[in-house]
Amino acid sequence: MLRAVKSLFSTHCPHCGSIEYRSVGVRNVLEQAFLWLMQPCRCDFCGRHYFLFRWQLPIGRPA
Ligand SMILES: [Zn+2]
């Protein structure tokens, strides 16, 4: 639980801890609904998908 909370406030991949990621497009209506709040990302290292909150995204980073 603590780990889950911690992941909300870090830009690390929750699966492998990598900080390398790229933004990806929405894949379903659920993601579309939360797009205003959360950005779906894909880990560059392990390839798994996770979400970043909008306020975690570096300003000016290409989508
Ligand atoms: Zn990863």
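The rules behind the values
- Residues numbered from 1 in each chain as written.
- Predicted model: local features only at pLDDT ≥ 70, side-chain atom pairs only at ≥ 80, totals over all residues.
- Pairing = 2+ DSSP bridges.
- Helix = DSSP H or I, 4+ residues; strand = E, 2+ residues; numbered from the N terminus.
- Axes fitted to C-alpha atoms, helices over the stretch in contact; angles between N-to-C directions.
- pLDDT = per-residue confidence, 0-100.
- Contact = placed C-beta atoms within 7 Å.
- Buried ≥ 20, exposed ≤ 12 C-beta atoms within 10 Å, placed from the backbone.

Our focus in this paragraph is the pairing of strand β2 (residues 38-43). Looking at chain direction, strand β1 (residues 21-23) and β2 are connected through 3 bridges and run antiparallel. Each residue of the ladder has a partner; that of Ser-23, found in β2, is Cys-41. Bridge count for β2 against strand β3 (residues 49-53) is 5 bridges, and the pairing is antiparallel. Across the sheet, the residue bridging to Met-38 is Phe-53, located in β3. The turn joining β2 and β3, which pair antiparallel and follow one another in sequence, is formed by 5 residues; a positive phi near 80° is taken by Gly-47.

This paragraph deals with the sheet that holds β2. Taken together, 3 strands build an open sheet; the order of strands is β1-β2-β3 and the sheet is antiparallel. On the outer flanks of this sheet lie β1 and β3, each paired with one strand and no other. For this sheet the average axis-to-axis angle between neighbouring strands, irrespective of direction, equals 40°.

In this section: the confidence of the model for the protein. Here the protein shows a mean pLDDT of 82. Residues at 70 or above account for 78%. Within the protein, the element-level pLDDT minimum falls on helix α1 (residues 2-8), averaging 62, and the maximum on β2, averaging 91.

Moving on: the environment of Arg-22. By the element assignment, Arg-22 lies in strand β1. With 21 residues separating them in the primary sequence, Arg-22 and Cys-43 have C-alpha atoms 6.6 Å apart. Leaving out residues up to four positions away in the same chain, Arg-22 has contacts with Cys-41, Arg-42 and Asp-44.

Looking now at the environment of Ser-10. Take Ser-10: it is sitting in the loop between α1 and β1. Overall, Ser-10 belongs to the exposed group, with 12 C-beta atoms counted inside 10 Å. Spatially, the C-alpha atoms of Ser-10 and Phe-53 are 9.4 Å apart, while their sequence positions differ by 43 residues.

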